[in-house]
Amino acid sequence: MIELKRILLVEDSANDVALTLAALEEVHLANEVVVVRDGQQALDYLFRKGEYAGRQDGHPAVVLLDLKLPKVDGLEVLEKVKGAPELKAVPVVMLTSSREERDLARSYGLGVNAYVVKPVAFPDFVSALRELGLFWAVVNQPPPGSPGTPGASK
């Protein structure tokens, strides 16, 4: 049996969390989705600190990261994740409403794997998440020996 990998959703808007979870459900993506509400919680989860110090081993299949977050913004989270040897192979998708060129350029400069502007219409959002979820959580194969993948050395 194939073990479904977790998806980490980093989003402070309760409405956007509900929409994202509904969209993932609509596309029948059965992966567990862990939701954190700010950048500091995301870092704690990924680095297994604070309230997440005892979480199960392994990294998420993909991090869906909002840009504008309280405490620590999405760009700083991205910078810390891509700067950490044990996390840099984890795919990060910026899922944001920002269309600002500087946000896009900075995200790619820091190593984001994809930058998706949240569509306003729910059917478009469902379609975007279907493609994202299927690719990163099901189709994409992480690099050999990536932390949290089957057969990876500890």
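Above this text you will find the structure in question.
Keep in mind that this is a model prediction, so the values were computed, not measured.

Student: Hey, could you go over the overall build of the protein for me, with residue numbers and the actual values?
Tutor: Within the protein one finds five helices and five strands. Counted from the first residue to the last, the protein has its helices and strands arranged as β-α-β-α-β-α-β-α-β-α. Counting only residues that meet the buried cut, the protein has 46% of its 154 residues in that class. Considering only contacts within the protein whose residues lie at least 6 apart along the sequence, 66% involve residues at least 24 apart.

Student: Quick one: what's the story with the packing of helix H3 (residues 74–83) against helix H4 (residues 101–109), residue by residue and with numbers?
Tutor: A pair of packed helices is captured by two measures, namely the crossing angle of their axes and the spacing between those axes. Contact pair H3 / H4: the axes reach a minimum separation of 10 Å and the direction vectors enclose 15°. Of the possible angle classes, the one that applies to H3 and H4 is roughly parallel. Both H3 and H4 take part in a crossing whose hand is left-handed. Across the interface between the two elements, Leu75, Leu78 and Glu79 from H3 touch Asp103, Arg106 and Ser107 from H4. Within the contact of H3 with H4, the residues separate by chemical class into two nonpolar, one polar and three charged.

Rules used throughout
Residues numbered from 1 in each chain as written. Predicted model: local features only at pLDDT ≥ 70, side-chain atom pairs only at ≥ 80, totals over all residues. Heavy atoms only, no water. Helix = DSSP H or I, 4+ residues; strand = E, 2+ residues; numbered from the N terminus. Buried < 20%, exposed > 50% of the residue type's maximum accessible area, 1.4 Å probe, protein only. Contact = heavy atoms within 4.5 Å. Axes fitted to C-alpha atoms, helices over the stretch in contact; angles between N-to-C directions. Parallel < 35°, antiparallel > 145°, perpendicular 65-115°, else oblique. Left-handed = near helix turned anticlockwise from the far one by under 90°. Nonpolar A, V, L, I, M, F, W, Y, C, P; charged D, E, K, R; others polar.

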